[in-house]
Amino acid sequence: MSLRSRNTRATVRRFLRTGATLAATLAVLVTGAAACSTDRPAPRRESAPAGASGVRQVPLRPGIPGPERRVVNPFAGDDHALNEGRRLYTWMNCIGCHFEGGGGIGPPLMDDQWIHGGAADQIFDSIANGRANGMPAYGDKLVPDEIWRIVAYVETLNPDRTGASGGDEKTGSENRQGGGGR
Amino acid sequence: VIPPGTPAELAEDDGQWVMAPKNHASTRYSGLSEITTENVASLRLAWSFSTGVVAGHEAAPLVVGDTMYVVTPYPNILYALNLRDGEPRLRWAFEPKPERAAQGVACCDVVNRGAAYADGKVIFNTLDNQTVAVDAVTGQEAWRNKLGDINLGESMTMAPLVVKDKVLVGNSGGEFGVRGWLTALNLSDGSIAWRAYSTGPDEDVLIGADFQPFYEQDRGPDLGVHTWPPDMWRIGGGTVWGWISYDSELDLIYYGTSNPGPWNPELRPGDNKWTAAIFARNPDTGQARWAYQWSPHDQYDYDGINENILLDLEIDGRMRKVLVRPERNGFMYVLDRETGEVLSADPFVYTTAATGVDLKTGRPIEVEEKKTGFGRVVREICPAPPGGKDWQPSAWSPRTRLLYVPHNNLCMDMEGTEANYIAGTPYVGARVHMYAGPGGHRGEFTAWDPVARKAVWKITERFPAWSGAVVTAGDVVFYGTMDRWFKALDARTGELLWQFEVDSGIIGQPITYRGPDGKQYVAILSGVGGWSGAIVSGQLDARDGTAALGFVNAMKDLPDYTRAGGTLHVFALP
């Protein structure tokens, strides 16, 4: 397991360094991961069609599903990358729609409800390719390792996952809400 | 059955409701008097209709002849509903099919504030910047025109106003670095007659030889350029998403412009003209007659788009043609609408950001300690960004001589942050936490005397009073609350005479009309949402107080009182 994830991470980095598109990166990684974990022949996905990332949004698959195949975030657990992700999250105006995880124009990112899936590669896919109800496609604006860093930061927004208390500790203003008697 | 007449003529007939503000003066007053303070307690639900859309319903229904027209939030379906009993309720539904991605540039839920009727057509805006005219009888499209671009952050949410042969519409997107405009379309075919930008050179703002602003600071060439850092007027806001009024005698339209962008004021030194302002224009040419800024160099998102009620009032012993404006910055303005002079401006909510308005210059007297900027949290700024009052329109009764104002009681802490303009994404630069103002309640409903310049009575609401108001010759005033009550008050005393609990919180605009059976009806859309109700309609997470531009911090308990919905309710006496 640890060997495989190290290998996967190294593979991702290699692809990122060579400037491969996300679609191709994921297609090859998914294929490779599948090949490692099953005896069945992997589907031929070397050349994913333009715009298709190969990342599934849903767990429901017709027929007998094979094992779950996920691409891990090469920057998961990397504090430096996470801080960079936080900066990008603000600078790319993610914060203007999702705020500090509670949402606004866009859905919350701090809860466990994920419309298009909350796995790292699914979040990556949402950022890179956008979503139909208004999530812009940032794939032309950011290179893949920047998106992965944002994913790393987004994954810290859920206090249930990180043990943090949410996004409000900075000012303490959250203690002064509406006073309406209940 | 479509009655003949222009919108102005039909507005005189209390059997109809042909434009969201009832009439060009925007009084939202109906001469109907079947429902009175004596009998309103027996009001009952006559019929209802689900819009099938679950989002913030801010629209006013229209009534033309024996048909009611309702436009929904995105996807902006237009329903024609039969008002005659015993026949199918739904005559037709028109689906304009706006671009789904437009939802990503709607700052404050995917709302729509209503349609307008004229010349056999029902005209409304779609979230993806189309103005659409639909044949009022057949439900077939008459014309449509795409006026803006979601990739620039533009959207459209306002209710059009028809003046003579022009359809007046404006854009939204003050939180997206949109350059605001008002556009006049030809009623016959939807082609553009003129467009007036709110920022930029005089040529674009349609400022020319006719322009005679009252105050010195508003005179000079190209102030829409020179009051900004270089080129920032191009992405500076001043959108036109609120209300328009029209005086046929002076032949002038009046409308306000939104906040400047970004919110962080240190990023845009200068007065930032003509944002947070009001224009008086000729409706045929668009040429500006005068302009005035409510909040020059706005620091707090004090959008200047609220309703303008056109009245003739005796001020200091002299009859004046005035424009009454309950403004977002917390002051109730009375302006001379011929000249743009501020005759009075008095706080109608608790204010800490300004101590008053200097009538010599027209400028608010700002409080130094409340000035915001980079890296410092300024506390106890009142009112908060939704203002003393947001878009929710007031009603004026010529009988009581009072203005009925649904509004907010909110304060905030604010910190300026960096803002990076990327077209089609938010451009704000502020971290905000809102909370209830003094007293702990978040909303108020105030009866205001604009001559005596004071509140006559005031009642409090748990949540912001985010619905419009309507007042009648029966001296009954109606409005709805976010905690699901539709209420009738005695217009003279404010006494609660009747209330009805609906399915979802109310942020719509009530109307009243005479049905084909001769009875008086009152109609309101429920369906909580909008900026204030985004925590429910958008299922936001209350643990992040900064969510929805900091409004979530003040609305954490709203989900305990209401869920999302979307239903038309029509009431009548038994």
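Look a little higher up for the structure.
Here the structure is a predicted model, which means the values were calculated and not measured.

The rules we used
- Residues numbered from 1 in each chain as written.
- Chains lettered and ligands numbered in written order.
- Predicted model: local features only at pLDDT ≥ 70, side-chain atom pairs only at ≥ 80, totals over all residues.
- Heavy atoms only, no water.
- Helix = DSSP H or I, 4+ residues; strand = E, 2+ residues; numbered from the N terminus.
- Buried < 20%, exposed > 50% of the residue type's maximum accessible area, 1.4 Å probe, protein only.
- Contact = heavy atoms within 4.5 Å.
- Areas by Shrake-Rupley, 256 points an atom, 1.4 Å probe, with all protein chains shown as cover.
- Lys, Arg positive; Asp, Glu negative; His and termini not counted.
- Charge placed at Lys NZ, Arg CZ, Asp CG, Glu CD.
- Buried area = accessible area lost by both parts, 1.4 Å probe.
- Salt bridge = Lys/Arg side-chain N within 4 Å of Asp/Glu carboxyl O.
- Pairing = 2+ DSSP bridges.
- Axes fitted to C-alpha atoms, helices over the stretch in contact; angles between N-to-C directions.
- Polar contact = N/O pair within 3.5 Å; in protein donor to acceptor, adjacent residues only side chain to side chain.

## Notes on the overall build of chain B
Piece 1. For chain B, the helix and strand inventory stands at four helices and 38 strands.
Piece 2. Along the three orthogonal principal directions, the C-alpha set of chain B runs to about 65 × 55 × 50 Å.
Piece 3. Across the 574 residues that make up chain B, the buried fraction comes to 71%.
Piece 4. Intrachain contacts of chain B at a sequence separation of at least 6 include 62% that bridge at least 24 residues.
Piece 5. When the accessible surface of chain B is split by element, carbon and sulfur atoms take 48% of a total near 16600 Å².
Piece 6. Charge separation in chain B, taken as the distance between the mean sites of 51 positive and 71 negative side-chain charges, equals 2 Å.

## Looking at the overall build of chain A
Piece 1. Counting its regular elements, chain A contains seven helices and zero strands.
Piece 2. In chain A, which comprises 182 residues, the proportion classed as buried is 43%.
Piece 3. Counted over contacts in chain A with a minimum sequence separation of 6, partners at least 24 positions apart contribute 60%.
Piece 4. With an accessible surface of roughly 9800 Å², chain A has 54% of that area assigned to carbon and sulfur atoms.

## What to know about the interface of chain A and chain B
Piece 1. On the side of chain B, 43 residues touch chain A, which itself brings 38 residues to the contact.
Piece 2. Counting each side, the surface lost to burial between chain A and chain B is near 3400 Å², with a carbon and sulfur contribution of 49%.
Piece 3. Linking chain A with chain B are two salt bridges.
Piece 4. Residue E100(A) is joined to R431(B) by a salt bridge in which the shortest nitrogen-to-oxygen separation is 2.5 Å.
Piece 5. Broken down by secondary-structure element, the contributors of at least two residues to the side of chain A that touches chain B are α3 (79-91), α4 (94-98) and α7 (159-162) of chain A.
Piece 6. Among the elements that take part in the side of chain A that touches chain B, α4(A) stands out by supplying three residues, more than any other.

## Overview of the sheet that holds strand β20 (residues 318-326) of chain B
Residue and element names in this part refer to chain B.
Piece 1. Pairing is antiparallel across the open sheet formed by four strands, whose spatial order is β19-β20-β21-β22. Sheet topology places β19 (309-315) and β22 (342-347) at the edges, where each strand pairs with a single neighbour. Direction aside, the axes of adjacent strands within the sheet are offset by 30 degrees on average.
Piece 2. As paired elements, strand β21 (residues 331-336) and β22 share five bridges and run antiparallel to each other. Residue pairing in the sheet places F331 in a bridge with P347 of β22.

## Describing helix α6 (residues 144-154) of chain A
In an α-helix, one turn spans 3.6 residues, which is why side chains three or four residues apart end up on the same side.
Piece 1. Burial analysis of α6(A) places eight of its eleven residues in the buried class, the great majority of the element.
Piece 2. Inspection of α6(A) places I147(A), W148(A), R149(A), I150(A), V151(A), A152(A), Y153(A) and V154(A) among the buried residues, and these make up the whole buried set.

## Points about unusual backbone geometry
Residue and element names in this part refer to chain B.
Piece 1. Residue P75 follows Y74 across a cis peptide bond; omega there is 10 degrees.
Piece 2. With respect to the helices, strands and loops of the structure, P75 is situated in the loop between β4 (67-71) and β5 (78-82).
Piece 3. Of note, the bond from G261 into P262 is cis; its omega dihedral lies within 30 degrees of zero at -5 degrees.
Piece 4. Within the secondary structure, P262 sits in the loop between β16 (252-256) and β17 (277-281).

## Considerations on the side chain of D413(B)
Residues and elements named next belong to chain B.
Piece 1. Here D413 is to be found in strand β28 (residues 410-416).
Piece 2. Take D413: its relative accessible area is 2%, and that puts it in the buried class.
Piece 3. At a separation of 2.5 Å, a polar atom in the side chain of D413 contacts the side chain of Y435.

## Focus: the sheet that holds strand β18 (residues 288-293) of chain B
Strand pairing within a sheet occurs via backbone hydrogen bonds; the two strands may be parallel or antiparallel.
All names here are of chain B.
Piece 1. Pairing in this open sheet of four strands is antiparallel, and the strands run β15-β16-β17-β18 from one edge to the other. Looking along the sheet, the strands with just one partner apiece sit at the ends: β15 (244-247) and β18. Averaged over all pairs of adjacent strands, the angle between strand axes in this sheet comes to 15 degrees, irrespective of strand direction.
Piece 2. Here four bridges tie β15 to β16, and the two strands are oriented antiparallel to one another. Within β16, the position partnered with D247 by the bridge is L252.

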